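# Observations on the three-dimensional arrangement
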Amino acid sequence: MRVTKAQAERNRAHVVATAARLFRERGYDGVGVADLMAAAGFTHGGFYKHFRSKADLMAEASASGLSQIAARAEGLSPAEFVGSYVSREHRDGLGDGCTIAALSGDAARQPADLKGEFAAGIEQLLTVLQTPSDTPNDADQDQRVDRTTLIDMLAHSVGAVMLSRACPDGSPLANEILDICRKEILASLAHGSSDQSAARSPEA
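Calculation rules
Residues numbered from 1 in each chain as written. Predicted model: local features only at pLDDT ≥ 70, side-chain atom pairs only at ≥ 80, totals over all residues. Heavy atoms only, no water. Salt bridge = Lys/Arg side-chain N within 4 Å of Asp/Glu carboxyl O. Helix = DSSP H or I, 4+ residues; strand = E, 2+ residues; numbered from the N terminus. Buried < 20%, exposed > 50% of the residue type's maximum accessible area, 1.4 Å probe, protein only. Core = buried A, V, L, I, M, F, W, Y, C linked by side-chain atoms within 4.5 Å. Contact = heavy atoms within 4.5 Å. Expected span 1.5 Å × (residues − 1). Arc of directions from axis to C-beta. Phe/Tyr/Trp six-rings, centres within 6.5 Å; stacked < 30°, edge-to-face > 60°. pLDDT = per-residue confidence, 0-100.

## Quick word on the pattern of salt bridges
Under the criterion given, the structure shown has eight salt bridges. Of the charged contacts, one joins Arg12 and Glu60 as a salt bridge, the two residues approaching to 2.5 Å between their closest N and O atoms. Of this pair, Arg12 sits in helix H1 (residues 5–26) while Glu60 sits in helix H3 (residues 54–73); the two residues are 48 residues apart in sequence, bridging distant segments of the chain. Residue Glu60 is classed as partly exposed on the basis of its relative accessible area, which comes to 28%. Across the pair Arg182 and Asp179 runs a salt bridge, and its minimum N-O distance is 2.9 Å. Linking Arg182 with Asp179, this pair stays in helix H10 (residues 172–200), spanning three residues, or about one helical turn.

So, in structure tokens, the structure goes:
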């Protein structure tokens, strides 16, 4: 039976979403095209109706995953983002977690096109975190931070999750890494916000 254009687009989107999850769980080299298509409920041969190569799917799936983390960050203050990101729930939810933490190590060994998707996705996330809410209040203004602080915050948050995941499941060190890093990142944000508030205040 002939597949409609709309159904073909839905099938493609489903394959991309499945690939994004599996890549986060297993890495780019940890899942082959046949396994990926089977997980999506399609045959291996159907892959090339949608994608020229696995590399093309890797780039598209990564872009999709990176957009998702930016969407989840919308409306959150930097401190709220850290509280959710540097957590046991995020660490343990590999397939549903952040593409940056799950695949940055793999992306470093990939072609420039895929690295470009990561650069764009990280930039998008930084923009979201730097954008004030629609209904800002004094507390929101105090929590706004500059780009340098956001990059430092994101790098530390990603690194904390990656280090914690590298430890055995249930390891005391894995939890200690998260707890210490979250505390230190939040303290750094609070200190930075205090400095910015002082700089904005008129001299007495």
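## Observations concerning the nonpolar core
Core analysis: the largest hydrophobic core is formed by 47 residues, its most contacted members being Phe23, Leu36, Leu57, Phe81, Tyr85 and Met153. The element that contributes the greatest number of residues to this core is H3, accounting for seven residues. Residues in contact with Phe81, not counting those within four places in the same chain, are Ala73, Leu76, Leu125, Leu129, Met153 and Leu154.

## Remarks on helix H7 (residues 112–130)
With 19 residues, H7 should reach 27 Å at 1.5 Å per residue; the first-to-last C-alpha distance of 27 Å fits that figure. All buried positions along H7 are accounted for by Leu114, Phe118, Gly121, Leu125, Leu126, Val128 and Leu129. Each buried residue of H7 sits inside an arc of 160° when the element is viewed along its axis, so together they form one side. Opposite the buried face of H7, at more than 90 degrees from it, the exposed residues are Ala112 and Asp113. Where H7 is buried, its residues touch H3, helix H4 (78–85), helix H6 (99–107) and helix H9 (147–166).

## Overview of the packing of aromatic side chains
Following the criterion strictly, the structure yields four aromatic pairs and no others. Look at Phe47 and Phe51: their rings are 5.3 Å apart centre to centre, the planes differ by 35°, and that puts the pair in the tilted class. In this structure, Phe47 and Phe51 share a single accessibility class: buried. Among the aromatic side chains, those forming a connected cluster through ring pairs are Phe47, Tyr48 and Phe51.

## Some thoughts on H1
Over its 22 residues, H1 extends 31 Å from the first C-alpha to the last, a length consistent with the 32 Å expected when each residue adds 1.5 Å. Taken together, the buried positions of H1 are occupied by Asn11, Val15, Val16, Thr18, Ala19, Ala20, Leu22, Phe23 and Arg24. Immediately downstream of H1, the backbone of Gly27 shows phi near 85°, a positive value.

## Regarding the confidence of the model for the protein chain
Model confidence for the protein chain is summarised by a mean pLDDT of 89, while 86% of its residues fall at 70 or above. Segment residues 138–142 is flagged for pLDDT under 50; beyond a separation of four residues in sequence, or across chains, it makes seven contacts in the model.

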